[in-house]
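Architecture and fold: a report
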Amino acid sequence: MRLLGFTLVVSLSALGSDIPGLINELGSPRYAQREQASTALEKLGRQAMPALKVGRRAKDPEIRNRSGVIFDRIETLLLINPTISPMVAADLPADLALDHLSNQYGLNVRLLEPNPVNSLPRIAIPAGESLPFWDVVESVARQAGLEIQTEPAISDSGGEGRSNGSISLYRLPPGTTLSPSSVSGPFRVSLDTMTRLLERNYLADGGVTIGAGADPARFSAGIGRSSDRFQLNLIVMAEPRMRIAVAGPAQLTVASDDLGNSMISDTSSGEAREPEPFVSRNVPSKSGVGLVSLRMRFPTNPGRVVKTLKGMIPLTVSTRKEDPITIRLAEAPGKSFRTTNSLITVHEVKVEPNLSEFLIDFSLKALVSLTQGVFDQDPFSIALQTGLSNQIELVDQGGSGVSRWSIASQTTDPGGVRMTIRVAAGQNKPVDLRVYDLVTVDTQAQFSFTDIPLP
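Residue positions are counted from 1 within each chain, in the order its sequence is given. Reporting in this predicted model follows two pLDDT cut-offs: at least 70 for local features of residues, and 80 or more for side-chain atom pairs to be given and counted; totals over whole chains, interfaces and linings ignore these cut-offs and use all residues. By convention in this description, side-chain values take in all heavy atoms of the structure and omit both hydrogens and water.

1. Some remarks on the overall build of the chain
Test applied: What counts as a helix is a DSSP run of H or I of at least four residues, what counts as a strand is a run of E of at least two, and both are numbered from the N terminus. Type-normalised accessible area, obtained with a 1.4 Å probe on protein chains alone, sets the label of each residue: buried when under 20%, exposed when over 50%, and partly exposed for intermediate values. Contacts are assigned to residue pairs that have any heavy atoms within 4.5 Å of one another. Calculation of accessible area relied on Shrake-Rupley with a 1.4 Å probe; when residues are assessed, cover is drawn exclusively from the protein chains displayed.
When helices and strands are counted, the chain shows ten helices and 23 strands. Burial statistics for the chain: of 455 residues in total, 44% are counted as buried. Taking the contacts inside the chain whose residues are at least 6 apart along the sequence as the reference set, 73% of them involve residues at least 24 apart. Summed over all atoms, the accessible surface of the chain reaches about 22900 Å², with 50% contributed by carbon and sulfur.

Rendered as structure tokens:
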């Protein structure tokens, strides 16, 4: 068996008696033993990550390479699995319940004004050794009659000091009910609206004159035609620690009413072909929320409710890796800096005297593809689609995040992006630029609803 060396073994010994031996076995001359150690370390998950981080610096190339591969696999699995936390049963006033969730998950759980916390009922915190994030948050929200809104982590660490983002809860108007929701791993899918639009074209009776040069046959093709559009609108929400972008058409796998009628659009019949399901790609910047619309079929003789509704939404998700590089802005112009996945070149840092704005001109270039999915052609599309603030952070002299900044100009190419960041007047002057690598993966958010009233 190859050894890591005295320094590495000592640094691993505090992490658990089995893990150092498994790291050593990654360099075994026997292939089967190397594979067995790799599998065992991967199963240990987060517990093995500190040791694997050390293993990536080992002199033995086999240990070094395998440690890196296993570390990346665990990091990806942690991204697409729900955050798990033990909970002790408690019956608390609403403000203490929200503080409890904030401390447990390292984020802000807050009530949006003007709803005073003391107007809410007491909250029963569920108990369990391994409760998923959304199960706990949904339990609290429904007890208090509150709806949920996520705000992913952005560069405002100096403001509220939570690196994992925020959950905002707000009370709906009297007489309204909470939207149906479905939890799938780190994702929460809620039903926004179900819309049916009946339309008939009466153009022939309208006396409209066909413009010069128009094709009369094509213009009159729609006269007298009717349409029946039945559409489902969903909101997919990620845990605040991640950003998401909708990565393709959503799919319905089961959709039927209480009479057994199928509600999935039939594109194989002799009727006019339905348009393909439409998916909104207008995902807001810095967002952990995606908006999805898809077409359904309204039965000729419908029941009263959608009895079963199941499907999936393809997503590209990303979150920051640990250990960013820190660039001192005063010394950075004309220099390049490298992370594992990116090359950053700072071109200019200056103050605009007329507007008292602070400007930073820099380039980010991908050294490796961030994802093997929908964004392959432009490795930085995921950063731009889901918020550049997921990858960069501005910090002032006191170590607090500078939150109010915007992109003044931007040009992109297949290899990267060059942009100028503008820091608004009145903000503390940034002294450091932190750049994070991203963990990015393609995955799916499953959804399942029952007994949804038909429009």
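2. Concerning the packing of aromatic side chains
Put simply, the rule reads: Here a Phe, Tyr or Trp ring, Trp counted by its six-membered ring, pairs with any other such ring whose centre lies within 6.5 Å, and the pair is stacked when the planes are under 30 degrees apart, edge-to-face when over 60, and tilted otherwise. Either the NZ atom of lysine or the CZ atom of arginine qualifies as a charge over a ring when it sits within 6 Å of the ring centre and within 35 degrees of the ring normal.
Here the structure, examined in full by the defined rule, presents three aromatic pairs. Seen in terms of ring centroids, Phe133 and Trp134 are 5.0 Å apart; in terms of plane orientation they differ by 75°. Their pairing is edge-to-face. In terms of burial, Phe133 and Trp134 fall into one category: buried. An angle of 90° between the planes, with centres 5.1 Å apart, marks the rings of Phe230 and Phe298 as edge-to-face. Taken as a pair, Phe230 in strand S10 (residues 226-238) and Phe298 in the loop between strand S13 (289-296) and strand S14 (305-320) lie far apart in primary sequence, 68 residues in all. With respect to burial, Phe230 and Phe298 carry one shared label: buried. The ring of Phe71 has Arg56 sitting right over it, with the charged end atom 4.2 Å from the ring centre. Sitting over the face of the ring of Phe298, Arg196 holds its NZ or CZ atom 3.8 Å from the ring centroid.

3. Brief notes about the side chain of Ser190
Note on placement: Ser190 falls in strand S9 (residues 187-200). Look at Ser190 and you get buried, because its relative accessible area is 5%. Sequence-distant contacts of Ser190, that is, excluding residues within four places in its chain, are made with Ser179, Pro180, Ser181, Asn233, Leu234, Ile235 and Phe449.

4. Remarks on the pattern of salt bridges
The condition that has to hold: The salt bridge criterion pairs a side-chain nitrogen of Lys or Arg with a carboxyl oxygen of Asp or Glu, the two atoms within 4 Å.
Scanning all chains against the criterion turns up 16 salt bridges. What you see here is one network of salt bridges that share partners, running through Arg34, Glu35, Glu62 and Arg66.

5. Some words on the environment of Gly260
Here Gly260 lies in the loop between strand S12 (251-257) and S13. Under the relative-accessibility criterion, Gly260 is labelled exposed at 58%. For the pair Gly260 and Lys307, spaced 47 residues apart in sequence, the C-alpha to C-alpha distance is 8.3 Å.

6. Considerations on the sheet that holds strand S22 (residues 430-435)
We count it as follows: In this scheme, strands are said to pair when DSSP sees at least two bridges between them. To get an axis, a line is fitted to the C-alpha atoms, and for a helix only the part in contact is used. The angle between two axes follows their N-to-C directions and goes from 0 to 180 degrees.
The antiparallel open sheet is built from three strands, whose spatial order is S15-S22-S19. In this open sheet, the two strands that pair with only one neighbour each are strand S15 (325-328) and strand S19 (392-396). Put simply, the sheet's adjacent strands are angled 25° from each other on average, direction ignored. Relative to S22, S19 runs antiparallel, the two sharing five bridges. Residue Glu393 lies in a different strand from S22, and its bridge partner there is Arg434.

7. So, the environment of Ser336
Heads up, the condition is: What qualifies as a polar contact is a pair of N or O atoms within 3.5 Å, subject to a donor-acceptor requirement within protein and to the restriction that residues adjacent in sequence count only when both atoms come from side chains.
The topology assignment puts Ser336 in strand S16 (residues 335-338). Overall, the relative accessible area of 46% leaves Ser336 in the partly exposed class. Taking the C-alpha atoms as reference points, Ser336 and Ser363, separated by 27 residues in sequence, lie 9.1 Å from one another. Discounting chain neighbours no more than four positions away, the residues touching Ser336 are Leu343, Ile344 and Thr345. Here the side chain of Ser336 touches Thr345 through a polar contact of 2.8 Å, side chain to side chain.

8. Side note on empty space enclosed by the protein
Applicable threshold: Lining residues are those with an atom within 4 Å of a point, where the points come from a 1 Å grid over the protein atoms alone and group into cavities, where a 1.4 Å probe fits but cannot get out, or pockets, open sets with protein on both sides within 12 Å along at least five of seven lines. Grid points are joined across faces, edges and corners, and a volume is the space filled by probe spheres set on the points. For this classification, the nonpolar set comprises Ala, Val, Leu, Ile, Met, Phe, Trp, Tyr, Cys and Pro, the charged set comprises Asp, Glu, Lys and Arg, and every other residue, Gly included, is treated as polar.
One pass over the structure, following the stated rule, counts one cavity of 30 Å³ or more. The volume enclosed by the largest cavity comes to roughly 30 Å³. Within the residue set of the lining of the largest cavity, elements represented by two or more residues are helix H7 (133-144) and strand S6 (146-151). For the lining of the largest cavity, the per-class residue count stands at four nonpolar, no polar and four charged.

9. Details of the nonpolar core
Quick reminder of the rule: Residues grouped as a nonpolar core are buried Ala, Val, Leu, Ile, Met, Phe, Trp, Tyr and Cys residues, joined through side-chain atoms within 4.5 Å.
Counting residues in hydrophobic clusters, the biggest one holds 33 residues, and the most contacted among them are Phe187, Leu234, Met296, Leu309 and Ile313. Mapped by element, the contributors of at least two residues to this core are S9, S10, strand S11 (243-246), S12, S13, S14 and strand S23 (438-453). Here this core gets six residues from one element, more than from any other, and that element is S23. Not counting residues within four places of it along the chain, the set of residues in contact with Leu234 comprises Val189, Ser190, Leu191, Asp192, Gly290, Leu291, Val292, Ile313, Phe447 and Phe449. Counting 27 residues, the second-largest nonpolar core is a separate cluster that includes Val109, Ile123, Val140 and Ala144.

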